[in-house]
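What follows is each chain in one-letter form.
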Amino acid sequence: MSAAAIGEPSAEEIASARARVRTATFSVVAACSLIALKLVAGLLTGSLGLLAEAAHSGTDLVAALLTLYALRVAIRPPDLEHQYGHGKAEHLAALGESAFLALVSAFIGYEALHRLLASNASQVEAHWWALLVLGVVIVIDASRALISMRASRRHHSAALAANALHFASDLAGSFAVLVGLVFVQFGYHSADSIAALIVAVLVIAAAARMAAESVGVLMDQAPADSQDAIDRALAGLDDSVQIQRVRARHAAGRHFVDVVVGVPPDSGLGQAHATADHIEDTVREALPNSDVLVHVEPLDATGDLRERATAAALSVAEVREVHNVRVMHVGDGYELSLHAKVPGDQTLDAAHDVAERVEGAIQVSVPELLRVYTHIEPLAATDWASKPSSDEVTQERAVIESVVRRHTGADPLDVRFRDSENGRVAFVTVSLPGEQPLQVAHRRAGLVEHEVRERRPELADVVVHTEPATGEPV
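On a predicted model such as this, the values are computed, not experimentally measured, just so you know. (Residues numbered from 1 in each chain as written. Predicted model: local features only at pLDDT ≥ 70, side-chain atom pairs only at ≥ 80, totals over all residues. Heavy atoms only, no water.)

**Brief notes about the overall build of the chain**
Selection criterion: Secondary structure follows DSSP: runs of H or I at least 4 residues long count as helices, runs of E at least 2 residues long count as strands, and numbering of each begins at the N terminus. We call a residue buried when its accessible area falls under 20% of the maximum for its residue type, exposed when it is over 50%, and partly exposed in between, using a 1.4 Å probe and counting protein chains only. The contact criterion used throughout is that any non-hydrogen atoms of two residues lie within 4.5 Å. Computed by Shrake-Rupley with a 1.4 Å probe, the accessible areas treat only the displayed protein chains as cover when residues are assessed.
Looking only at helices and strands, the chain has 13 helices and 10 strands in total. Scored against the burial criterion, the 474 residues of the chain give a buried share of 42%. For the chain, restricting intrachain contacts to residue pairs at least 6 apart in sequence, the fraction spanning at least 24 positions comes to 69%. Carbon and sulfur atoms provide 57% of the accessible area of the chain, an area that totals close to 25600 Å².

This is the structure we're talking about:
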């Protein structure tokens, strides 16, 4: 299996990934600039707060490089070893970044407490240019925090969200150091250490929150908001479909959703597939850019004999179609008959063996049946047909229109003819009241078909299709 078969990223996903990489590159450049500014200012003034911020920006650089690398890994398409993609690399980077933050901030907090408790606290010189440096730092911190936050929301990136949170804590820390240096100018030399301690507390709190979010994703924690959105979307499904299990996880801005649904046991393969497609589309509408997998299972049919018998007959590999299923109440029990279609190239011996296996499967699934009657039919091959000219079907059309008006009170919505290998077939569409019971509508369509057959016996078949009318009942 190739990577393309597993799933290549779309053009939109590639553009989003490139935008995330550009934002991470900007963060690397900004971190290098801030390290230089803070380190020089801290060494010249002796400010622990500025040195703490320089160390903080050093972790920014490491984290930004880690984020940049993780984003480059995360945008790789799925492959044979990573069939769900590489999106979790972003969350690994965010977890590593939070660890760097916590360790460095713990050291800064320890040093700040040491200075506060020491009798000979270090003297800090709050020069005007140091305050100017902090002003520049605050502007840079604010701009990169804003850029990263917008990019993380636009591209649903955990790594950029971690960067944005990191930069926001930098902004708060820089502001705290600025306030501390202002107080130093008024003679409160311990204010610088207090500011450094505030920076450490803020960063550790941000790191803990970021680590918790990353661990939740890496442990496949179900996203609460996404689960609610899925539940609301699936609440509108047809009553015949039962949601048996829903599982969701999230990685790098993409949701992965697994849904197990139960459908009536007599649902055909095409109907079950259509149901699965509908559920996938419904979930994707609620959660855009999601990967949805739907598994369909037959419901436990314990009530309806007909559904259970049909499902049992279809479980026999050679049976392609089941119809005319009839349940009869005979004495104190039930008997059942059905028609089953099998491939037409089978011999009578093979078809008889299929019939016996069908009857055995039904008796096992529906033990309350007294007897099962099966009628095996060959599956019809494709019938070649052509369209007759209008002049050739003038009389047939006139008869059909007259019959439809007599039984429905209105002209047919459509009448078409096809000349098949077995003769001419008429396809008739009629309009009946939408609120009319299905049994009544079926009986009236049958009356149309029966009379047309009587009046035009040369027709090989007559197929009547009913459409609900929007006008007054007839």
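Right, picking up where we left off after that structure.
**Some remarks on the environment of Asp 383**
You can see Asp 383 is positioned in the loop between β6 (369-378) and β7 (385-386). Take Asp 383: its relative accessible area is 34%, and that puts it in the partly exposed class. With 39 residues separating them in the primary sequence, Asp 383 and Asn 422 have C-alpha atoms 8.4 Å apart. Residues contacting Asp 383, with those up to four places away along its chain left out, are Ser 420, Glu 421 and Asn 422.

**Concerning the sheet that holds strand β5 (residues 333-342)**
To be explicit about the condition: Two strands qualify as a pair provided DSSP detects at least 2 bridges between them. Every angle, taken between N-to-C directions, lies between 0 and 180 degrees, and every axis is a line fitted to C-alpha atoms, over only the stretch in contact when it is a helix.
Taken together, three strands build an open sheet; the order of strands is β4-β5-β6 and the sheet is mixed. Whereas interior strands pair on both sides, the edge strands pair on one side only; in this sheet they are β4 (321-330) and β6. Strand-to-strand twist across the sheet, computed as the mean angle between neighbouring axes with direction ignored, equals 15 degrees. The pairing of β5 with β6 spans nine bridges and is classified as parallel. By the bridge assignment for β6, Ala 340 is matched with Ile 376. Packed onto the sheet, helix α10 (residues 305-314) meets β4, β5 and β6 and runs at close to 140 degrees relative to β4. Those strands touched by helix α11 (residues 348-365) are β5 and β6, and its axis lies near 145 degrees from that of β6.

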